[in-house]
Amino acid sequence: MNHQIVKLLPGLYFVATPLGTARDITLRALDVLASADLIAAEDTRSLRRLLEIHGVPLQDRQVISYHDHSGAGARGRLMAALAEGQSVAYASEAGMPLIADPGYALAREASEAGYRVTSAPGATAVTTALALAGLPTDAFFFAGFLPNSTTARRKRLEEVRTIPGTLAFYESPKRVAASLADMAEVLGDRPAAMCRELTKKFEEIRRGTLLQLAADLAKAPVKGEIVLLVDRAGLDAVSDGDLESALRTALKENSVKDAAALVAEAHEQPRRKIYQLALQLAKES
């Protein structure tokens, strides 16, 4: 058995669980699950199975269901346990709690009430995918799940279009082809990767442009949990109209040199190019 009973301080413990392979759980996570006075889980059946695999006895402890639809009632039970000085462990169905999983409202309420909130960290699908995708990892933006409708999805993509980092999304296999096509339309045909069933038997990483991946998946749909990663915007991803508008605004309160520097940095554009445009706009006005 890979766990030991330890004396936990009263408080809330967020426990990461494996994405797929049961042995990816950490020894500290097993210690917390073996020792907590009360355990809450997004999926009680999968957590009980995980405890069985690793020989962690529940004894007479409760496992409370806590998920997106639990509401204030279940959260109230956990807060009451914290008020009694108990140690409460909350485990996601897979990966880190709060990362596109329930737990935020619980964490906020417990923190605001002054209770100790800590974590036994572990696997997360988004960082696992970043390690495998072959795209830049120095900066990334996790956007979670995109909206279901095409209009709302494209609006959200427009909002993240110019973020200077790799974009990361979780997606349903039923919508992945449509989402990739919308990404190509809004973001441009950037390099991307589809990471599927991470750490599981049918793990798969597909790399290509957004249009290539969209075409492949439209022909042959896939199943499983999916992370989509999209390369950051290139230097020419910002339109001339956007640059001109930004410069006109900046020139109202800055010199030509300072306005050009501000806009060039904000949009990751060559300073010489932006300075020449700023000179032209200043002369026109």
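Below: a short report on this structure.

In this structure, glutamate 42 sits in the loop between strand S2 (38–41) and helix H2 (44–53). Buried charge glutamate 42 goes without a salt bridge, the closest partner of opposite sign being arginine 45 at 12 Å. Within polar-contact distance, the side chain of glutamate 42 engages the side chain of serine 92 at 3.3 Å. Among all residues touching glutamate 42, those that are not within four sequence positions of it are Ser65, Tyr66, His67, Tyr90, Ala91, Ser92, Glu93, Asp101 and Pro102.

This next bit is on the side chain of arginine 196. Here arginine 196 lies in strand S8 (residues 191–196). Its relative accessible area of 14% is what places arginine 196 among the buried residues. In terms of polar contacts, arginine 196 uses its side chain to reach the backbone carbonyl oxygen of lysine 223, at 2.8 Å. Not counting chain neighbours up to four residues away, the residues in contact with arginine 196 comprise Phe202, Glu203, Glu204, Val222, Lys223, Glu225 and Ile226.

What follows is about the sheet that holds strand S5 (residues 117–120). Taking strand neighbours across the sheet as the criterion, the 5 strands line up as S3-S2-S4-S1-S5 in an open arrangement whose pairing is parallel. One side of each edge strand has no neighbouring strand; the edge strands of this open sheet are strand S3 (63–65) and S5. Sheet twist, expressed as the average angle between the axes of neighbouring strands with direction ignored, equals 25°. Looking at chain direction, S2 and S3 are connected through 3 bridges and run parallel. When the bridges of S3 are listed, alanine 41 appears paired with serine 65.

What counts and how
Residues numbered from 1 in each chain as written. Predicted model: local features only at pLDDT ≥ 70, side-chain atom pairs only at ≥ 80, totals over all residues. Heavy atoms only, no water. Helix = DSSP H or I, 4+ residues; strand = E, 2+ residues; numbered from the N terminus. Buried < 20%, exposed > 50% of the residue type's maximum accessible area, 1.4 Å probe, protein only. Lys, Arg positive; Asp, Glu negative; His and termini not counted. Salt bridge = Lys/Arg side-chain N within 4 Å of Asp/Glu carboxyl O. Polar contact = N/O pair within 3.5 Å; in protein donor to acceptor, adjacent residues only side chain to side chain. Contact = heavy atoms within 4.5 Å. Pairing = 2+ DSSP bridges. Axes fitted to C-alpha atoms, helices over the stretch in contact; angles between N-to-C directions.

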